[in-house]
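# Breakdown of the fold
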Amino acid sequence: MENFETKEDVFDIKSLTMSILMTPSVANFKGRVHGGDLLKLLDQVAYACASRYCGKYVVTLSVDSVTFKYPIEVGTLVTFLASVNYTGSSSLEVGIKVISEDIHKRIVTHTNSAYFTMVCVDENGKSVKAPPLEPKTEVEKRRYNNALKRKQARIELSKKNI
Ligand SMILES: CC(C)(COP(=O)(O)OP(=O)(O)OC[C@H]1O[C@@H](n2cnc3c(N)ncnc32)[C@H](O)[C@@H]1OP(=O)(O)O)[C@@H](O)C(=O)NCCC(=O)NCCS
């Protein structure tokens, strides 16, 4: 087994991909994937992406938006493409794009998008510094700037108490 000095030698640690087969255990009454099961998976992906990036425990501060564009059929292979879009001092925004794949028909559909704010915490649950993200590519810069705008909008909303 090979040993690597750092995770960065193996992974781009600000992104994470997870694929999972949608079995009948997650079906709703219509035989499609239940929204609550999808939300749980999204939260797990956000946790895995953010905590691996930080190398620390993280908690979910807010689920900022989840869009259900299309239903997901049982039997499809669902892939979660997650990335750390932005870091503040202790908070991180994780963006997740969900792709469902009909394996037999070879059709892929972008079914969901979601944004989660996670906070890096110590063993007492107190917020601690997250490693700063330095966006380099045009895509990373766009995601960073959009995430910053969303954070500012959320702070404005929470000040208005609505
Ligand atoms: C997340 C938690 C640790 C934050 O505690 P806190 O006292 O608000 O911590 P801080 O004041 O240091 O704020 C932490 C970060 O959250 C951000 N934040 C707090 N409230 C916010 C809000 N309403 N909107 C946007 N950002 C907010 C702060 O701006 C700060 O970000 P930054 O460090 O990048 O600038 C605390 O609220 C908590 O433990 N919540 C429960 C988490 C939980 O149980 N999740 C579900 C299970 S994992």
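The numbers attached to residues start from 1 for each chain and follow its sequence in the written order. Side-chain atom pairs in this predicted model are given and counted only at pLDDT of 80 or more, local residue features only at pLDDT of at least 70, and totals for whole chains, interfaces and linings cover all residues. Side-chain calculation: all heavy atoms of the structure are included, whereas hydrogens and water are not.

- An unreviewed UniProt entry lists the protein under the name Acyl-CoA thioesterase, from Helicobacter valdiviensis.
- UniProt positions are given in the numbering used here, feature names are shortened, and annotations may be inferred rather than shown by experiment. The record in UniProt for the protein states the following under Sequence similarities (unreviewed entry): "Belongs to the acyl coenzyme A hydrolase family."

## Some words on the pattern of salt bridges
- The rule for a salt bridge is simple: a side-chain nitrogen of Lys or Arg has to be within 4 Å of a carboxyl oxygen of Asp or Glu. Inspection of the entire model under this criterion finds six salt bridges.
- With a closest N to O distance of 3.0 Å, Lys14 and Asp12 form a salt bridge.
- As a salt-bridge pair, Glu73 and Arg32 come within 3.0 Å of each other at their nearest N and O atoms. With Glu73 in the loop between strand S2 (57-68) and strand S3 (77-87) and Arg32 in the loop between strand S1 (15-21) and helix H1 (35-54), this pair connects stretches of sequence that are 41 residues apart.
- Looking at Arg32, the relative accessible area reads 35%, which means it is partly exposed. Under the scheme used here, helices are H or I runs from DSSP no shorter than 4 residues and strands are E runs no shorter than 2 residues, and both carry numbers assigned from the N terminus. Each residue gets one of three labels from its accessible area relative to the maximum for its type: buried under 20%, exposed over 50%, partly exposed in between, using a 1.4 Å probe on protein chains only.

## Considerations on the UniProt feature "domain: HotDog ACOT-type" (unreviewed entry) in the protein
- Taking the numbering used here, the UniProt-annotated feature "domain: HotDog ACOT-type" (unreviewed entry) corresponds to residues 12-124.
- Annotation note: span residues 12-124, helix share 18%, strand share 50%, distance between end C-alpha atoms 29 Å.

## Description of the side chain of Ser90
- Structurally, the position occupied by Ser90 is in the loop between S3 and strand S4 (91-102).
- Here, two residues are considered to be in contact whenever any of their heavy atoms come within 4.5 Å of each other. In contact with Ser90, not counting residues within four places along its chain, are Met118, Val119, Cys120, Ser127, Val128, Lys129 and Ala130.

## As for the packing of aromatic side chains
- Centres within 6.5 Å are what make two rings of Phe, Tyr or Trp a pair, Trp counting through its six-membered ring; a difference in plane orientation under 30 degrees is then read as stacked, over 60 as edge-to-face, and the rest as tilted. Within the structure shown, the criterion is met by two aromatic pairs.
- With centroids separated by 5.1 Å and ring planes inclined at 55 degrees, the aromatic side chains of Tyr86 and Tyr144 adopt a geometry described as tilted. Separated by 58 residues along the polypeptide, Tyr86 in strand S3 and Tyr144 in helix H2 (residues 138-160) bring together distant segments of the chain.
- Residue Tyr86 is classed as buried on the basis of its relative accessible area of 8%.
- The rule is short: NZ of Lys or CZ of Arg within 6 Å of the ring centre and within 35 degrees of the ring normal puts a charge over the ring. Residue placement shows Arg52 over the ring face of Phe11; its charged tip is 4.6 Å from the ring centre.

## Considerations on the site of the ligand
- Close to the ligand lie 14 residues, the nearest being Thr60, Ser89, Ser90, Ser91 and Ser127.
- In this structure, a nitrogen atom belonging to the ligand sits 2.9 Å away from a main-chain N or O atom of Thr60.
- N or O atoms closer than or at 3.5 Å make up a polar contact, with two conditions inside protein: a donor-capable atom paired with an acceptor-capable one, and, for residues adjacent in sequence, both atoms drawn from side chains. Between the ligand and the protein, one listed contact pairs an oxygen atom with a side-chain N or O atom of Ser91 at 2.7 Å.
- Secondary-structure elements contributing two or more residues to the shell around the ligand are S2, strand S5 (107-121) and H2.
- Each residue belonging to the shell around the ligand can be placed in one class, and the counts come to five nonpolar, eight polar and one charged. The rule for a residue being near a molecule or strand is that one of its heavy atoms must lie within 4 Å of it. Three categories are distinguished: nonpolar for Ala, Val, Leu, Ile, Met, Phe, Trp, Tyr, Cys and Pro, charged for Asp, Glu, Lys and Arg, and polar for the others, with Gly belonging to the last.

## Overview of the sheet that holds S2
- Strands qualify as paired when DSSP identifies two bridges or more between them. Spatially, S1-S3-S4-S5-S2 is the arrangement adopted by the five strands of the open sheet, whose pairing is antiparallel. The sheet is open, and its two borders are formed by S1 and S2, each paired with just one other strand. Neighbour-to-neighbour, the strand axes of the sheet open up by a mean angle of 25 degrees, direction not taken into account.
- As judged from the seven bridges shared by S1 and S3, these two strands associate in the antiparallel manner. Axis lines are fitted through C-alpha atoms, for helices just across the contact stretch, and the angle between N-to-C directions can take any value from 0 to 180 degrees.

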